[in-house]
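Descriptive analysis of the structure
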There are 2 protein chains.
Amino acid sequence: MVEAKNPVQAVQRSLEIIDVLQNTGGARVTDIAEQVGMSKGTIHCHLATLEENGYVVHDGTKYKLGLRVIDLAHHAKSRIDIYDLVTKEVDTLAEESGELALFTVEEGGEGICLYKSAGDNAVKTEVYVGYRNELYHTAVGKGMLAFMPAEQRDRIIEETTFEAITPNTITDEAALREELEAIREEGIAYNHEESIHGLVGAGAPIRDQDGTIYGAISVIGPARRMGSDRLENEVPDMIHRAVNIVEINITSL
Amino acid sequence: MVEAKNPVQAVQRSLEIIDVLQNTGGARVTDIAEQVGMSKGTIHCHLATLEENGYVVHDGTKYKLGLRVIDLAHHAKSRIDIYDLVTKEVDTLAEESGELALFTVEEGGEGICLYKSAGDNAVKTEVYVGYRNELYHTAVGKGMLAFMPAEQRDRIIEETTFEAITPNTITDEAALREELEAIREEGIAYNHEESIHGLVGAGAPIRDQDGTIYGAISVIGPARRMGSDRLENEVPDMIHRAVNIVEINITSL
DNA sequence: ATAAATATTTGGTATTACAAAACATACCAT
DNA sequence: ATGGTATGTTTTGTAATACCAAATATTTAT
């Protein structure tokens, strides 16, 4: 994420306030003022401005995110032109596998989950549509990193701060680059409990002829149910089939 | 929508820019500057600030909405606590009827579609999740208006500017209030081609014991397929069943 | 009823958002 | 290649305003 040369401070403050509302699920003027270190008066003016535009609502003393943002989200999503195509395939993937199938895209060096479909036995996870995470510790993330243009990959890795989320998380650049090489050879990326203990997954990117990455598809499930045979043969086959169907249709867009 | 006493102008300008990006599906600095009447330099600073926070992305010369807003949308939606309950019922409603079934809530005097489920014969409409429209010309809108507290209803009607969207649209307050009275008696609201020519629908609000309105459910379809028998008997029955199931479960929240 | 806690408004000032212009960069056509 | 055009970006001075602190209004609790 590039830093703005001449940021508009007032706007940044409003966005900070929105962050607080998102993370708290609603807060009072005083609470927000305390959290972001601004005066109550300032917070009030910002909230009033945001409310006037539907980005915020308040009932009584509690301010929350307004539903205006749902409208925005729809329009943001609508620029992913393979969306309808992919959701169909992700649905069948979830049904076939019985697990949780996801569609994720990259933006600003992060992975953003755009669609999820739960099979009959799907794990309950915190991953929701809009969920954002670092690329280095997920199957889809590593899959996209592996196949994206080198400069882009370098730029993203450059800005990555490795963190040992679980004992299995990759925590240094060399190890990551080694794994990416393996992924390029195999054509599939795995998550061996690198994000959440007990959770494994496999994923592969969606590309066109030019190598442009449109996103990635993954299947995730509990380690106990996803033995090496299932995780490394059955599931990758299903994913590749789904990816191929989408890729074939990209040309016609 | 209340007007802010001391709006933060800079924030309003950013939101204006976001509006343009939404409506155009992406635009260049020069285009935005022209549309909103600010200098290119100013637009640039705002875009850079928004981009730094993931609300905007640019590729080449074109700026678009960033996927950050999808995350926001999820959190905004998550405060609708009957959401999961309702979507299930709306799905069965769509399946049973074969038409398009919707879940809409009111915020700031507007109706916001939060979920839609398409039956086998569902009409293709511009209504999307996040879609916002005035209450006075939709089934769900009138249904919610009819049953909400009088002061709130008065406030919303007060601020309504009636517009003849179709020949059937209600265009004055007296007629609207008369219809709302009928809706209160019947317990169901109709849309007789008042929003879109050829499109009819029926809807009813979801309430708890206190009379608090949680939203409304509707079924819409082409007039040719929805004769008076189907529209006024079959469909309302289905809607009422769905509404009742949700209402029963509200108490347990 | 009173007090306590909160939201909102006000007013003055230091900050900064803004427009205009200069600069840089990408894209054409010749 | 080369100049020209259209674009995005940065700079700069200044007029506008976002900000804080204090005052007021409002709600809630005792």
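The notes below deal with the structure included here. Predicted, not measured: the structure shown is a model, and the values here were computed from it. (Residues numbered from 1 in each chain as written. Chains lettered and ligands numbered in written order. Predicted model: local features only at pLDDT ≥ 70, side-chain atom pairs only at ≥ 80, totals over all residues. Heavy atoms only, no water.)

**Some details on the packing of aromatic side chains**
All names here are of chain A.
- For the structure on display, the rule yields six aromatic pairs over all chains.
- Measuring from ring centre to ring centre gives 6.2 Å for Y83 and Y115, while their planes differ by 85°; the resulting arrangement is edge-to-face. Residue Y83 is found in helix α5 (residues 83-97), and its partner Y115 is found in strand β5 (residues 110-118); the two are separated by 32 residues along the sequence. Residues Y83 and Y115 agree in their burial class; the two are buried. (Phe/Tyr/Trp six-rings, centres within 6.5 Å; stacked < 30°, edge-to-face > 60°. Helix = DSSP H or I, 4+ residues; strand = E, 2+ residues; numbered from the N terminus. Buried < 20%, exposed > 50% of the residue type's maximum accessible area, 1.4 Å probe, protein only.)

**A look at the interface of chain B and chain A**
- On the chain A side, the residues contacting the 49 residues of chain B number 49 residues.
- Roughly 4,700 Å² is buried in total at the junction of chain B and chain A, and carbon and sulfur atoms are behind 68% of that figure.
- Contact with chain A buries surface across chain B, with E52(B), L67(B) and I70(B) losing the most and accounting together for 15% of the total.
- The partner of R68(A) in a salt bridge is D19(B), and the shortest N-O contact between them spans 3.1 Å.
- At the surface where chain B touches chain A, the tally comes to 17 residue pairs in polar contact (both at pLDDT 80 or more).
- Elements represented by at least two residues in the side of chain B that touches chain A include exactly α1 (9-24), α3 (40-52), β3 (62-65), α4 (68-77), β4 (100-107) and β5 (110-118) of chain B. (Contact = heavy atoms within 4.5 Å. Buried area = accessible area lost by both parts, 1.4 Å probe. Salt bridge = Lys/Arg side-chain N within 4 Å of Asp/Glu carboxyl O. Polar contact = N/O pair within 3.5 Å; in protein donor to acceptor, adjacent residues only side chain to side chain.)

**Re the protein's contact with DNA strand C**
- Of all residues adjacent to DNA strand C, which total 22 residues, the nearest are Q9(A), T30(A), Y63(A), T42(B) and H46(B).
- Among the atoms of DNA strand C close to the protein, meaning within 4 Å, 86% are from sugar or phosphate groups.
- T30(A) places a polar side-chain atom, nitrogen or oxygen, 2.2 Å from a phosphate oxygen of DNA strand C.
- A distance of 2.7 Å is found between a phosphate oxygen of DNA strand C and a side-chain nitrogen or oxygen belonging to Y63(A).
- Elements that contribute at least two residues to the surface near DNA strand C include exactly α1 (9-24), α2 (29-36) and α3 (40-52) of chain A together with α1 and α3 of chain B.
- Taken together, the residues of the surface near DNA strand C break down into seven nonpolar, eleven polar and four charged. (Near = heavy atom within 4 Å. Nonpolar A, V, L, I, M, F, W, Y, C, P; charged D, E, K, R; others polar.)

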